Amino acid sequence: TLLQWSRLGVNAALFLIVARYLTLAEIGAFATAFAPIRLLQVVHKSGVADAYIVSDKGYSTRNAFLALSASLGLGFTICLGLAALILPDPVAPLLAALCPIPLILGLSAIPEATLRADLRIKALALRTLFAQLVAAALALGALHAGWGAASLVVFALTNVIVTSGVSIALARVGPVGLPTRAALRAALPDVTRISVRDLLNSATLPLMQLAVGAAFGLPVGGAFQIATRLLGLLDALAIAPIRYIALPRFTALARSPSLPQAVLTSLRLSSLIAGFVYLGALAASADLLTLATGPAHAQVTAPLLPAFCLLGLTGALAMPLNQSLTASGHARLTLYRAVIGLSLTFALAIPA
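This one's a predicted model, so the numbers in the text were calculated from it and none came from an experiment.

Enquirer: Break down the side chain of Thr228 for me, with residues and values.
Expert: With respect to the helices and strands, the residue Thr228 is situated in helix α9 (residues 218-238). Classification of Thr228 by relative accessible area gives buried; the value is 3%. Dropping the residues within four chain positions of it, Thr228 is found in contact with Arg38, Leu205, Gln209 and Phe308.

Right, here's the structure in full:
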């Protein structure tokens, strides 16, 4: 819980604090610039990391995953840098500053996955809390200096740099040679399936963020981002701690007859907690937003929050099933579900 609150909770809480001092247009500009970063980081944080956790973790496999992760990060950074050249202000300079994040994640994804596979939760929690506090202090200093939306960029960059650096130092996982073609071919299918699945599962909010900003302007995009961050805060409270541990635990039980019982236990626990948190937030949405962002922003954002609470609840109920299918080698089924879900979402969202 400390790990996920320091990772997601502090992040969302800092955003909500800073949001009180920014206009909705400034929040919308940062949200638009960060949307592709948020979407692409799923490839490393879920796709590459989860695939490595369920792999054999031998030297050849490690070399392949390290090379694959770094190459993907470099490619994403180059693409985002080129996109920043053609986008208008005020989004372009923010995206240009944020574009190194995928490369940094690409270099640290395997060390992070190693720590997670070994369930070194205490080390991960202390690392993340330290990184978040350093990043928050610098971001608040930048806000006090009048940097506006750029203070959120300072937080995002500092957080990734410190977190990745400490992960690499703790795990001490490096290449022991060049990756072989056979190892790369063996690693690619699981990385692709899990990455595409999680990209599709995570694509809805970043793509809707871009669509809302383009269709209705940056102020409305800012309100959408506030609702998204509050959803992240609720997820950190309710489900993120269970989700983070579920995959390594289920992987250890993948060939055991006790796996179904472990999944049912996780499902009961996540359902109980998620029902309390999300339905409670749904009942108190107007008061929560007023407390978190101030009455002006709350008035614009409050109508969005009920739908976000229901979205978080359905995701929490599906989490144990997705993780258990991945652990038992059925990632393809969760990919199909993600394709259908995203297709239906946009079939309804685009006309709306």
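Enquirer: Before we move on, could you go through the nonpolar core and cite the residues and values that matter?
Expert: In this structure, Phe15, Phe30, Phe65, Leu98, Ile101 and Tyr278 are the most contacted members of the largest nonpolar core, which totals 97 residues. At 15 residues, helix α2 (residues 24-53) tops the list of elements feeding residues into this core. Once you skip the residues sitting within four places of it in the chain, Ile101 turns out to touch Phe34, Ile37, Ala156, Leu157 and Val160.

Enquirer: Kindly report on the state of the cysteines, identifying the contributing residues and their values.
Expert: This model, assessed by the stated rule, comprises zero disulfides. With no disulfide of its own, Cys79 has Cys99 as its nearest cysteine by sulfur position, at a separation of 11 Å.

Enquirer: Lay out helix α8 (residues 181-216) with the relevant residues and their values.
Expert: Approximately 50 degrees is the largest bend angle found in α8, and it occurs at Ala203, with the proline Pro206 only one to four residues beyond. Immediately beyond the C-terminal end of α8, within one or two residues, lies Gly217, with a positive phi of roughly 100 degrees.

Enquirer: Before we move on, could you go through the packing of aromatic side chains and cite the residues and values that matter?
Expert: Under the counting rule described, the total for this entry stands at three aromatic pairs. Taking the centre distance of 5.3 Å and the plane angle of 70 degrees together, the rings of Tyr52 and Phe65 count as edge-to-face. Highlighted residues: Tyr52 in helix α2 and Phe65 in helix α3 (residues 59-86), separated in sequence by 13 residues. Its relative accessible area of 3% is what places Tyr52 among the buried residues. The exposure class of Phe65 is buried, given its relative accessible area of 3%. Plain terms: the ring middles of Phe224 and Phe308 are 5.3 Å apart, the flat faces sit at 70 degrees to each other, and that makes the pair edge-to-face. In this pair, Phe224 sits in helix α9 while Phe308 sits in helix α14 (residues 305-327), placing the two residues 84 residues apart along the sequence.

Enquirer: Please provide a residue-by-residue account of the packing of α3 against helix α4 (residues 91-98), values included.
Expert: Remark: α3 packs on α4, axes separated minimally by 8 Å, with the N-to-C direction vectors making an angle of 160 degrees. By the angle class used here, α3 and α4 are roughly antiparallel. Taken as a pair, α3 and α4 cross one another with a handedness that is left-handed. Counted together, Leu80, Ala83 and Ala84 of α3 and Ala92, Leu95 and Ala96 of α4 form the full contact between these two elements. Within the contact of α3 with α4, the residues separate by chemical class into six nonpolar, no polar and no charged.

Enquirer: Report on the layout of surface pockets, specifying residues and quantitative values.
Expert: The space that makes up the second largest pocket amounts to roughly 260 Å³. Around the second largest pocket, the lining is made up of 14 residues, and of these Val54, Thr326, Ala327, Ser328 and Gly329 lie nearest the centre. At the level of elements, α8, α14 and α15 (331-349) are the ones that each hand at least two residues to the lining of the second largest pocket. Broken down by element, the lining of the second largest pocket gets its largest block of residues, three residues, from α8. Among the residues forming the lining of the second largest pocket, the class breakdown is five nonpolar, five polar and four charged.

Enquirer: Give me the lowdown on the environment of Gly75, citing residues and values where you can.
Expert: For Gly75, the location among the structural elements is in helix α3. C-alpha of Gly75 to C-alpha of Ile86: the two residues are eleven residues apart in sequence and 18 Å apart in space.

Enquirer: Describe the pattern of salt bridges, with residues and values.
Expert: Per the counting criterion, the structure on display carries two salt bridges. Across the pair Arg116 and Asp50 runs a salt bridge, and its minimum N-O distance is 3.0 Å. Highlighted residues: Arg116 in helix α5 (residues 101-117) and Asp50 in helix α2, separated in sequence by 66 residues. For the pair shown, Arg116 and Asp50 are each scored as buried. A salt bridge links Glu112 to Arg127; the shortest N-O distance between them is 2.4 Å. With a gap of 15 residues between them, Glu112 in helix α5 and Arg127 in helix α6 (residues 121-144) connect regions that are remote in the sequence. Of the residues examined, Glu112 reaches a relative accessible area of 16% and is grouped as buried. On the basis of relative accessible area, Arg127 is assigned to the buried category, the value being 3%.

The rules behind these values
- Residues numbered from 1 in each chain as written.
- Predicted model: local features only at pLDDT ≥ 70, side-chain atom pairs only at ≥ 80, totals over all residues.
- Heavy atoms only, no water.
- Helix = DSSP H or I, 4+ residues; strand = E, 2+ residues; numbered from the N terminus.
- Buried < 20%, exposed > 50% of the residue type's maximum accessible area, 1.4 Å probe, protein only.
- Contact = heavy atoms within 4.5 Å.
- Core = buried A, V, L, I, M, F, W, Y, C linked by side-chain atoms within 4.5 Å.
- Disulfide = S-S within 2.5 Å.
- Bend = angle between axes of the 7 residues up to and from the residue.
- Phe/Tyr/Trp six-rings, centres within 6.5 Å; stacked < 30°, edge-to-face > 60°.
- Axes fitted to C-alpha atoms, helices over the stretch in contact; angles between N-to-C directions.
- Parallel < 35°, antiparallel > 145°, perpendicular 65-115°, else oblique.
- Left-handed = near helix turned anticlockwise from the far one by under 90°.
- Nonpolar A, V, L, I, M, F, W, Y, C, P; charged D, E, K, R; others polar.
- 1 Å grid on protein atoms, 1.4 Å probe; cavity = no way out; pocket = protein on both sides within 12 Å on 5 of 7 lines; lining within 4 Å.
- Points joined across faces, edges and corners; volume = space filled by probe spheres on them.
- Salt bridge = Lys/Arg side-chain N within 4 Å of Asp/Glu carboxyl O.

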